[in-house]
Amino acid sequence: FEKPGPLKVFKNRDFCGLQVPNESLLVGPRGGLQNVVVTIPRARGEKIASPAKGLVLDNKNCAFVPHVQVAPIGSEILLLNSDPILHDVHARLGSETLFNVGLPTWRQVKKRLTRTGIIAIQCEVLHTWMSAYIVVTSSPSFAVTDNEGEFVIEDVPAGTREIKVWHEKFG
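It should be emphasised that the depicted structure is a prediction, and the values quoted were computed from it without experimental measurement. (Residues numbered from 1 in each chain as written. Predicted model: local features only at pLDDT ≥ 70, side-chain atom pairs only at ≥ 80, totals over all residues. Heavy atoms only, no water.)

Asker: I'd like a rundown of the nonpolar core, residues and numbers included.
Answerer: Counting residues in each nonpolar core, the largest one holds 28 residues, and the members touching the most others are L79 and I121. If you list the elements that add at least two residues to this core, you get β4 (55-60), β7 (76-79), β8 (87-93), β9 (96-103), β11 (117-122) and β12 (131-137). Residues in contact with L79, not counting those within four places in the same chain, are L57, V89, F99, V101, L103, R107, Q108, V109 and K111. Counting six residues, the second-largest nonpolar core is a separate cluster that includes V37, V68, V70 and Y133. (Core = buried A, V, L, I, M, F, W, Y, C linked by side-chain atoms within 4.5 Å. Buried < 20%, exposed > 50% of the residue type's maximum accessible area, 1.4 Å probe, protein only. Helix = DSSP H or I, 4+ residues; strand = E, 2+ residues; numbered from the N terminus. Contact = heavy atoms within 4.5 Å.)

Below, the structure is given as structure tokens:
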């Protein structure tokens, strides 16, 4: 596969520049794939994951940070804008809008993630290149691969387990 080139910027070029890095396919120096969500589905009788604390989705340098994250169902996420320009966080689960929040730099908004699935995030203030993903899971066993393509999931019960992976380009 070929590494995608940078994304063209069409608005706020004085701040964002003419292009921004494309984070949709990040491969480490040894071939590991970054931003892959790894989950181990709950075994029968296993507890649902506890909501996470401290989840944040920020707008920095005309990109969502982090680009991919995983969150237990019921978690609250803080939406921020560290850029000096207006951004928007439009979150969709499939074709359904979960929330659509305007974020001037002074505004911070918390949203609860109440449904499992892959939430696609876009900025619709004509920042068409901006995207992010939040995978919401009921499993207590999950991770996102780092820049080497590695991950750690601790405290997995013994036994044969199914492992699911998801990546924005490869599914």
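Asker: I'd love a proper account of the pairing of β8, names of residues and values included.
Answerer: The buried count for β8 comes to six of seven residues, which makes it a mostly enclosed element. Of the pairings in the sheet, the one linking β8 to β9 comprises seven bridges and is antiparallel in character. Bridged to D88 within β9 is G102. The antiparallel pairing of β8 with β9 creates a hairpin that spans two residues between the two strands, and G94 there sits at a positive phi of about 65°. Relative to β11, β8 is paired through four bridges, and the arrangement is antiparallel. Among the inter-strand pairings, L93 is bridged to a residue of β11, identified as I119. (Pairing = 2+ DSSP bridges.)

Asker: Quick rundown of the sheet that holds strand β6 (residues 68-72)? Include the residues and the values.
Answerer: Pairing is mixed in the open sheet, where five strands are placed in the order β6-β12-β11-β8-β9. At either margin of the open sheet sits one strand with a lone partner, and together these are β6 and β9. Each adjacent strand pair in this sheet contributes to an overall mean axis angle of 20°, direction not counted. (Axes fitted to C-alpha atoms, helices over the stretch in contact; angles between N-to-C directions.)

Asker: Break down the side chain of S24 for me, with residues and values.
Answerer: Looking at where S24 falls in the secondary structure, it is placed in the loop between β2 (19-20) and β3 (37-39). In this structure, S24 is in contact with P4, H67, H167, E168 and K169, ignoring residues within four places of it in sequence.

Asker: Give a description of the state of the cysteines that names residues and reports values.
Answerer: For the structure shown, the criterion picks out one disulfide. In this model C16 forms its disulfide with C62; the gap between the sulfur atoms is 1.9 Å. Classification of the bridge connecting C16 and C62 rests on its S-S torsion, roughly -70°, and on that basis the disulfide is left-handed. Here C16 is found in helix α1 (residues 13-16), whereas its partner C62 is found in the loop between β4 and β5 (63-65), with 46 residues between them in sequence. There is no split in this pair, since C16 and C62 are both buried. C123 carries a free sulfur, and the closest cysteine sulfur to it, the one in C62, is 8.8 Å from it. (Disulfide = S-S within 2.5 Å.)

Asker: Explain the pattern of salt bridges residue by residue, including any values.
Answerer: This structure, assessed with the given rule, holds six salt bridges. Linking E96 and R115 is a salt bridge whose minimum nitrogen-to-oxygen distance equals 3.0 Å. Residue E96 is located in strand β9, and its partner R115 is located in the loop between β10 (109-112) and β11; the two are separated by 19 residues in the primary sequence. Among the residues examined, R115 registers a relative accessible area of 36% and is labelled partly exposed. The network of salt bridges with common partners includes R30, E148 and E150. (Salt bridge = Lys/Arg side-chain N within 4 Å of Asp/Glu carboxyl O.)

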